[in-house]
Amino acid sequence: MNSGTLAAINAFLANPIDQHRKKIMKSLDSHTKKIQKQFNRQANQYAQTKQAKDVQAMAGLVRLTKTDRHSQTLDVACGPGRLTMAFAGHAKQATGLDVTENLLDIGRAEAQKLGIDNIEFTYGSALDIPFENETFDTVSCRAAFHHFSEPGQVLQEMARVLKPEGEILIADILGNEDTATATRHDALEQLCDPTHVRCISKTYFQRLFNATGLEIKSCRFGTMDYEVEQWLIHGGPSEAQKEKIRSTFRQSIATNQTGLNVREENGIIKFSHQTALFVLGHRTDNEND
Ligand SMILES: C[S@@+](CC[C@H](N)C(=O)[O-])C[C@H]1O[C@@H](n2cnc3c(N)ncnc32)[C@H](O)[C@@H]1O
């Protein structure tokens, strides 16, 4: 055994969790590293947004699933973990998985403050979920698919760790079916948060579900309203970028070129995201046999 190997073994024995974390960090692709950097920087700001703190919405999401006192749940890309905590209130054990350490720390501190003891926050990537096949009854992912460079791979991983009778819950912003409109919307999101990849359209979600052997058990579509100035906080853009973003929003009032129903109400610029909720299960028919 050479001295390098021995040093690595000693380091692992001294602090196995830290070494495990370093190993995962090394394996991350460049986009996921970018996510980690952006969300570590914006962790406190993101955790305080209306979207991240909406506990009523989280409770509503949990109620859409069959989660009960026997369930093991996994919340993928859990961020500050409010949905993970909502699952903990109904499940035997709730786990949150994320690649952003600062958000996981916020989740851990909040769970401890609330006395939630059936919860675990785990560091790792959605592209390579660090759990065995068929471990969970419910696997959720909220407000994160638009950040994934490989959404199909994440979905495959979510399906892999799901038990045969389990349910997947996905909630996210919906992309416009018109490609030019969707591209303009994505460009605006990227100006605010460079880790935004693309909002997935209903048609493309359906294609991903089919390719992964999943079927829709129920779905809901809606809108989520924002004030532009409040929304800007999550991404932390520079002043110059903010000006460009504001100007694109203003142009969109007359043209609806971003498909975001941008409007001015009492001097405040507002817009709406289209949203989607899907509850999915492993496909039970023999369609692709
Ligand atoms: C907009 S936040 C949503 C957080 C949370 N689900 C919520 O509803 O508030 C997006 C989250 O996705 C996480 N994320 C993005 N890509 C990831 C990946 N490949 N693996 C794990 N987490 C990822 C980010 O770290 C961040 O916490």
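In case you missed it, the structure is sitting above this.
A brief report on the enclosed structure follows. (Residues numbered from 1 in each chain as written. Predicted model: local features only at pLDDT ≥ 70, side-chain atom pairs only at ≥ 80, totals over all residues.)

### A closer look at the packing of helix 9 (residues 179-192) against helix 12 (residues 239-255)
What counts, and what does not: Only C-alpha atoms enter the line fits that serve as axes; for helices the fit covers just the stretch in contact. Angles between N-to-C directions range over 0 to 180 degrees. Secondary structure elements are defined from DSSP: runs of H or I of at least 4 residues count as helices, runs of E of at least 2 residues count as strands, and each element is numbered from the N terminus. Angular relationships are summarised with four words: roughly parallel below 35 degrees, roughly antiparallel beyond 145, roughly perpendicular across 65 to 115, and oblique for the angles in between. If you view the pair so one helix is near and one far, a crossing is left-handed when the near helix is turned anticlockwise from the far one by less than a right angle, and right-handed when it is turned clockwise. Contact between two residues is assigned when their C-beta atoms, built from the backbone, lie within 7 Å.
Running from N to C, helix 9 and helix 12 cross one another at 155°; their axes reach a closest spacing of 9 Å. Classed by the angle they form, the pair helix 9 and helix 12 counts as roughly antiparallel. Here helix 9 runs over helix 12; the crossing is left-handed. In this structure, helix 9 contributes L188, L191 and C192 to the contact, and helix 12 contributes Q241, K244, I245 and T248.

### Side note on helix 9
Inclusion rule: Expected helix span is computed as 1.5 Å times (number of residues minus one). The exposure label follows from counting other C-beta atoms within 10 Å of a residue's C-beta, where the C-beta atoms are placed from the backbone and the thresholds are 20 or more for buried and 12 or fewer for exposed, leaving partly exposed in between. By definition, the arc is the one covered by directions from the helix axis to the C-beta atoms.
Here helix 9 spans 20 Å end to end across 14 residues, near enough to the 20 Å set by a 1.5 Å rise per residue. Along helix 9, the residues that are buried comprise A182, H185, L188 and E189. All buried residues of helix 9 fall inside an arc of 125° around its axis, so they share one side. Of the exposed residues in helix 9, the ones pointing more than 90 degrees away from its buried face are T179, A180 and A187. Close packing links the buried residues of helix 9 with helix 12.

### Some thoughts on the site of the ligand
As a reminder, the rule being used: Using a C-beta atom placed from the backbone, a residue is scored as near a molecule or strand whenever that atom is within 6 Å of it. In this classification, the charged set is Asp, Glu, Lys and Arg, the nonpolar set is Ala, Val, Leu, Ile, Met, Phe, Trp, Tyr, Cys and Pro, and all remaining amino acids, among them Gly, are polar.
In the vicinity of the ligand lie 20 residues, with A77, G79, T100, A126 and R142 positioned nearest. Per element, the largest residue contribution to the shell around the ligand is three residues, and it comes from helix 3 (residues 30-47). The residue inventory of the shell around the ligand, partitioned by class, reads 13 nonpolar, five polar and two charged.

Taken by themselves, the reported measurements are silent on function.
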